[in-house]
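Spelled out from the first residue to the last, the chains are:
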Amino acid sequence: MNAIEQKTVFITGAANGIGRSMAIQFAEEGYFVFIADIDVDNGKLVEQRVIDGGGSAKFIRLDVRDEQAIKKVFNTISHLDVLVNNAGMTYAKSVEDLPASEWNTIIDLCLQSVFLCSKYALPALKKSEHPSIINMASINAFCVSPGLPAYSAAKGGIISLTKQMAVEYGAQNIRVNAISPGFILTEQTERALKEHESEWEMTLECYPLGRLGKPEDIAYAALFLADDKAGFINGINLVVDGGMSVQAVGAVIKPGLRSRWKEGFFKLEK
Ligand code: NAI
């Protein structure tokens, strides 16, 4: 496969967690992967992991809050098929406790980065025959928990921005979609769960499939959205949460409900 035929994907926040899994899966599908992250050590490890697996990748140190750095990086990329705006994080603080500076940090990292990376990636995407942008939102965009004011607002903004870009760039054949993951087990989220072990069972109980998500669940969704087979899918928010967010609150708060369904709910109720 020569360099022109090989599809390329640029993934932000690809040194860890979901982004790392996407880098590996896209590489396995034959994509050249740009791994963009501020975490140099883990970014280089992902690059090496892809190369050791027979794929091709390049790590780029990039802070997605830095407009000039983003501009500079995309100036060096002449052709791009897929941009995945994945970098994101939050602090758990209430509206009263969240300093404006931290609000801005989260909005810059989660939302403004989607705008800036898309803005500067567009010239390279326009040269592709199958261009696509995938933005990482969250079920917290529409289904919130206490302590996530900036994060929820940013993720809601991502879904609106996704629709906006899907309509603006549809005429140029650039599809723009979002993915909203539920609870995905990564090193970070596993660490947080271990600190609150009593909540583990409760969290699991909320997930109809009886498990939390794996980074690969999101990577496969991204691969599908990037593929030509998803060529008529534009402007959607693909929820990947094992059915968690479609439940009525009453179903989630009844202790043991999922296991009762599993055993045959109606039989038990007679
Ligand atoms: P993670 O914390 O494991 O990985 C995030 C990556 O972003 C890290 O490699 C980090 O170094 C990088 N990053 C942080 N600040 C950056 C910056 N300024 N510039 C460039 N890179 C930066 O996170 P995870 O869980 O893999 O999340 C990925 C995306 O999925 C995020 O947007 C997150 O909000 C979203 N998400 C995750 C869920 C989960 O349960 N893990 C659930 C819903 C959404």
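Residues numbered from 1 in each chain as written. Predicted model: local features only at pLDDT ≥ 70, side-chain atom pairs only at ≥ 80, totals over all residues. Heavy atoms only, no water.

Inclusion rule: UniProt positions are given in the numbering used here, feature names are shortened, and annotations may be inferred rather than shown by experiment.
With an unreviewed UniProt entry as reference, the protein chain is termed Short-chain dehydrogenase, source organism Novibacillus thermophilus. Among the UniProt annotations of the protein chain, the heading Sequence similarities (unreviewed entry) holds the following wording: "Belongs to the short-chain dehydrogenases/reductases (SDR) family."

1. Focus: the pairing of strand 2 (residues 32-37)
Quick note on the threshold: Relative accessibility under 20% of the residue-type maximum defines a buried residue, over 50% an exposed one, and the middle range a partly exposed one, all with a 1.4 Å probe and only protein chains included. Where helices and strands are cited, they refer to DSSP runs of H or I of at least four residues and of E of at least two residues respectively, numbered from the N terminus. For two strands to pair, DSSP has to find at least two bridges joining them. Every crossover in which the path from the first strand over the helix to the second runs clockwise, viewed with the strands pointing away from the viewer, is termed right-handed.
Burial runs high along strand 2: five of the six residues are buried. Inspection of the sheet shows strand 1 (residues 8-12) paired to strand 2 by five bridges, in the parallel sense. The residue bridging Val9 from the neighbouring strand is Val33, located in strand 2. Handedness of the β-α-β unit built from strand 1, helix 1 (residues 17-28) and strand 2 comes out right-handed. In this sheet, strand 3 (residues 56-61) lies alongside strand 2 in parallel orientation, the contact comprising six bridges. Residue Val33 lies in a different strand from strand 3, and its bridge partner there is Ala57.

2. Focus: the environment of Glu201
Considering the arrangement of structural elements, one finds Glu201 in helix 7 (residues 198-205). The spatial distance from the C-alpha of Glu201 to the C-alpha of Ala23 is 31 Å, given a sequence separation of 178 residues.

3. So, the site of the ligand
Counted only if it meets this: Note on terminology: near, applied to a residue and a molecule or strand, indicates that one of the residue's heavy atoms is within 4 Å of it. Here the open area of atoms and residues is found with the Shrake-Rupley method and a 1.4 Å probe, where only the protein chains shown may cover a residue. Under the grouping applied here, Gly and all other residues not named as nonpolar or charged are polar, the nonpolar ones being Ala, Val, Leu, Ile, Met, Phe, Trp, Tyr, Cys and Pro and the charged ones Asp, Glu, Lys and Arg.
Asn16, Asp37, Asn86, Tyr151 and Ile184 are the nearest of the 28 residues found near the ligand. Look at the ligand: alone it shows 830 Å² of surface, and the protein chains cover 89% of it. When grouped by side-chain class, the residues that make up the shell around the ligand number 13 nonpolar, ten polar and five charged.

4. Regarding the sheet that holds strand 1
The condition that has to hold: Fitted lines through C-alpha atoms serve as axes, helices being fitted only where they are in contact, and the angles separating the N-to-C directions of these axes extend from 0 to 180 degrees. In this description, contact between two residues means that some pair of their heavy atoms is separated by no more than 4.5 Å.
The strand order across the open sheet built from seven strands is 3-2-1-4-5-6-7, with neighbouring strands paired in parallel fashion. Sheet topology places strand 3 and strand 7 (237-240) at the edges, where each strand pairs with a single neighbour. Averaged over all neighbouring strand pairs, the angle between strand axes comes to 20°, with direction disregarded. Its contacts with the sheet put helix 1 on strand 1, strand 2, strand 4 (82-85) and strand 5 (132-136), and the angle it makes with strand 1 is roughly 170°.

5. So, the environment of Gly156
Summarising the element assignment, Gly156 is placed in helix 5 (residues 149-170). The sequence separation of Gly156 and Ala141 amounts to 15 residues, and the corresponding C-alpha distance is 4.3 Å.

6. Some words on the packing of aromatic side chains
Keep this limit in mind: Two aromatic rings from Phe, Tyr or Trp, using only the six-membered ring of Trp, form a pair when their centres are within 6.5 Å; if the ring planes differ by under 30 degrees the pair is stacked, by over 60 it is edge-to-face, and anything between is tilted. Whether a charge sits over a ring depends on NZ of Lys or CZ of Arg being within 6 Å of the ring centre and within 35 degrees of the ring normal.
Going through the model one piece at a time under the given rule, you end up with four aromatic pairs. When the ring of Phe26 is compared with that of Tyr31, the centres are 4.8 Å apart and the planes differ by 80°; the resulting orientation is edge-to-face. Here Phe26 and Tyr31 have matching classes, each one buried. By the ring-pair criterion, three or more aromatic residues cluster together here, those being Phe10, Phe32, Phe34 and Phe74. Its guanidinium or amino end placed over the ring of Tyr91, Lys93 lies 5.8 Å from that ring's centre, counting from NZ or CZ.

7. Here we look at empty space enclosed by the protein
The following threshold applies: Cavities and pockets are found on a 1 Å grid laid over the protein atoms alone: a cavity is a set of points where a 1.4 Å probe fits but cannot escape, a pocket is an open set with protein on both sides within 12 Å along at least five of seven lines, and a lining residue has an atom within 4 Å of such a point. Grid points are joined across faces, edges and corners, and a volume is the space filled by probe spheres set on the points.
On inspection of all chains with the given rule, the structure shows one cavity of 30 Å³ or more. The volume enclosed by the largest cavity comes to roughly 30 Å³. Surrounding the largest cavity, Thr12, Asn85, Asn86, Ala87, Leu109, Cys110, Ser113, Val114 and Cys117 form its lining. Among the elements that line the lining of the largest cavity, the one with the most residues is helix 4 (residues 100-125), at five residues. Taken together, the residues of the lining of the largest cavity sort by class into five nonpolar, four polar and no charged.

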